[in-house]
Amino acid sequence: MKNAKDCTNMTEIRAEIDNIDTQIVKLIAARSKYVHEAAKFKTDEKSVKDSKRVQQVIESKIKLAVKHGAPSALVEKLYKIMINFFINEEMKEWQSK
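Small disclaimer: the values here were computed from a predicted structure and weren't measured. (Residues numbered from 1 in each chain as written. Predicted model: local features only at pLDDT ≥ 70, side-chain atom pairs only at ≥ 80, totals over all residues. Heavy atoms only, no water.)

Participant: Explain the nonpolar core to me, please; I cannot follow it from the model alone.
Facilitator: Soluble globular proteins tend to bury their nonpolar side chains together. Grouped together as the largest cluster of nonpolar side chains are seven residues: Val48, Val54, Val57, Ile58, Ile83, Ile87 and Met91. Once residues lying within four places of it in the same chain are set aside, the contact partners of Val54 are Lys49, Ile83 and Ile87. (Core = buried A, V, L, I, M, F, W, Y, C linked by side-chain atoms within 4.5 Å. Buried < 20%, exposed > 50% of the residue type's maximum accessible area, 1.4 Å probe, protein only. Contact = heavy atoms within 4.5 Å.)

In structure tokens:
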């Protein structure tokens, strides 16, 4: 991956953005697999929703965003959306047991 400032034209910038997007999607897929595995260990609805853990994850990702210069408001929104999606997925798996 190039440094953004090393790109000399829009084609290079777009190619780098596409590469980053590919990595993001692959990481979401990997996270999804762990979420599905975690559902196997959940014993009740409260353990699936675990609001304390959700808050810890979101707060830690906001700190990580600040550390790396990412927009913390965006990271917070993305994680809230992603976590809510995965909670719903876990609930489906847990309820199907």
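Don't stop here, the text continues.
Participant: Is there a simple way to explain the packing of aromatic side chains in this structure?
Facilitator: Here the distance between the centres and the angle between the planes together describe a pair of aromatic rings. All told, the structure shown has one aromatic pair when counted by the stated rule. With a centroid separation of 5.6 Å and 70° between ring planes, the pair formed by Phe85 and Phe86 is classed as edge-to-face. (Phe/Tyr/Trp six-rings, centres within 6.5 Å; stacked < 30°, edge-to-face > 60°.)

Participant: It is not clear to me how the pattern of salt bridges should be interpreted in this structure. Could you clarify?
Facilitator: When the charged atoms of two side chains lie near each other, side chains of opposite charge can form a pair. What the rule picks out here adds up to five salt bridges. Across the pair Glu45 and Lys49 runs a salt bridge whose closest N-O atoms are separated by 3.0 Å. Residue Glu45 and its partner Lys49 are located together in helix α2 (residues 45-49), separated by four residues, close to a single helical turn. Classification of Lys49 as partly exposed rests on a relative accessible area of 40%. Among the salt bridges present, the one from Glu76 reaches Lys80, with a minimum N-O distance of 3.1 Å. Of the two residues, Glu76 and Lys80 both sit in helix α4 (residues 72-95), four residues apart, roughly one turn of that helix. When its relative accessible area of 37% is taken as the criterion, Lys80 is described as partly exposed. (Salt bridge = Lys/Arg side-chain N within 4 Å of Asp/Glu carboxyl O. Helix = DSSP H or I, 4+ residues; strand = E, 2+ residues; numbered from the N terminus.)

Participant: Looking at this structure, I do not really get helix α3 (residues 51-68). What am I missing?
Facilitator: Structurally, the α-helix is built with 3.6 residues per turn, so residues lying three or four positions apart point the same way. An ideal rise of 1.5 Å per residue puts 26 Å on 18 residues; α3 measures up with 26 Å between its terminal C-alpha atoms. Listing the buried residues of α3 in full gives Val54, Val57, Ile58 and Ala65. Down the axis, α3 shows its buried residues gathered within 95° of arc, on one side only. Structural note: α3 exposes Lys52, Lys63, Val66 and Lys67 on the side pointing more than 90 degrees away from its buried face. The inward-facing, buried residues of α3 abut α1 (10-39), α2 and α4. Once α3 finishes, Gly69 follows within two positions and takes phi at roughly 75°, a positive value. (Expected span 1.5 Å × (residues − 1). Arc of directions from axis to C-beta.)

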